[in-house]
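Chain and residue survey
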Amino acid sequence: MNSKILKDLSQLCIHTITTKPWDIEKAAKNFSREGVAGITVWRDALNGKNIQHTGHMLRELNLKIVSLCRGGFFAYSDKAKRALAIDDNKKAIDEAAALGAPLIVLVCGADAGQSLEESRKQIAEGIEAVIPYANTANIKLAIEPLHPMYADTRSAISTLGQANDLAEQLNSPVVGVAIDVYHLWWDPALKTEILRCGNNNHIFAFHICDWKTPTTDLLLDRGLMGEGCIGIRQIRGWVEEAGFEGFHEVEIFSTKYWEEDQSVFLQKIKQAYLEHS
Ligand code: ZN
């Protein structure tokens, strides 16, 4: 089962950030033409756009809008900043609703000026504060654990176990987790934790790329699937075993690939997806 090779692109979704040099219209036209089934929209791609029209444009191109990236950043030692974060997450929920995206991915935040425990407490309070708003708008929220190298400023949620704990504590049908192989591949408890959130129907998203060796930049040197050391197909097998049938979302931040012709890069993504995911 874990060695099953993908035969088609019907579960392939690409994040707008992956082909960052393209604006959303260009990305959407190219994804659609190349048979990509889904798109995850980063909020920066919507700057200056009519969001409802953009959603309409994506649906006209037969692209399934998988999620909006990203909300979160709830943890600040400054109370006023925490309040602003809650407002911004409500704004993201409005944007998702206007776009027609059913899900927002949360990069939960961290403040290097306080303990990780304090940041996690603020994250829980922040998500709890926006749950009623998300519920009314019928938008789901996925807690995405980030690799611990980002625990200083980006996410105090570093493991899927922590994300599962939080999702279970919040106990809301709109709250689940996003599993990103780049952040979680190293965790010895990964399979157990994937099966745990599968049991709770908490797997809301699955993100793929690869960890290059050596990696030259901790943010902007992600690899194409097959280019690094992550057992992507094995992890996909666990996610499927846990009952997930959603999209496989290619999320690559790479200065190297952003300098390439994005049409050529898109062909490489398709090939890498079919051969190594
Ligand atoms: Zn991700």
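Refer to the structure printed above.
Since we're looking at a predicted model, the values are computed, not measured. (Residues numbered from 1 in each chain as written. Predicted model: local features only at pLDDT ≥ 70, side-chain atom pairs only at ≥ 80, totals over all residues. Heavy atoms only, no water.)

Going through the model one piece at a time under the given rule, you end up with 16 salt bridges. Residues Asp 88 and Arg 43 are paired through a salt bridge, measuring 3.1 Å at the closest nitrogen-oxygen approach. Of this pair, Asp 88 sits in helix 3 (residues 79–99) while Arg 43 sits in the loop between strand 2 (38–42) and helix 2 (51–60), and the two are 45 residues apart along the sequence. A relative accessible area of 32% means that Asp 88 is categorised as partly exposed. Note that Glu 227 is salt-bridged to Lys 256, the shortest N-O span being 3.7 Å. Within this pair, whereas Glu 227 is found in the loop between strand 7 (203–208) and helix 8 (232–241), its partner Lys 256 is found in helix 9 (residues 255–258), the two being separated by 29 residues in sequence. Judged by relative accessible area, which is 31%, Glu 227 ranks as partly exposed. What emerges from the salt-bridge pattern is a single network uniting Arg 43, Asp 88, Lys 91 and Glu 95. (Salt bridge = Lys/Arg side-chain N within 4 Å of Asp/Glu carboxyl O. Helix = DSSP H or I, 4+ residues; strand = E, 2+ residues; numbered from the N terminus. Buried < 20%, exposed > 50% of the residue type's maximum accessible area, 1.4 Å probe, protein only.)

Within strand 2, 5 of the 5 residues are buried, which leaves it mostly tucked inside the rest of the structure. Burial of the side chains of strand 2 extends over both faces: Gly 38, Thr 40 and Trp 42 are buried on one face and Ile 39 and Val 41 on the other. Two strands pair when backbone bridges link them, and strand 1 (residues 12–15) and strand 2 are joined in this way by 3 bridges, in the parallel orientation. Bridge assignment links Ile 14 to a residue of strand 2, and that residue is Ile 39. (Pairing = 2+ DSSP bridges.)

Core analysis: the biggest nonpolar cluster contains 83 residues, and Leu 58, Ile 127, Ile 179 and Ile 194 have the highest contact counts within it. With 6 residues, the top contributor of residues to this core is helix 4 (residues 116–137). Apart from residues no more than four positions distant in its own chain, Ile 127 is found in contact with Phe 74, Leu 106, Cys 108, Leu 141, Ile 143, Leu 166, Leu 170 and Val 175. By size, the runner-up hydrophobic cluster in this structure holds 11 residues, among which are Ile 17, Cys 69, Ala 142 and Ala 178. (Core = buried A, V, L, I, M, F, W, Y, C linked by side-chain atoms within 4.5 Å. Contact = heavy atoms within 4.5 Å.)

Now for the environment of Ser 77. With respect to the helices and strands, Ser 77 occurs in the loop between strand 3 (64–72) and helix 3. Between the C-alpha atoms of Ser 77 and Asp 261, which are 184 residues apart in sequence, the distance is 43 Å. With sequence-adjacent residues up to four places away left out, Ser 77 is seen in contact with Arg 82, Asp 111, Gln 114 and Gln 122.

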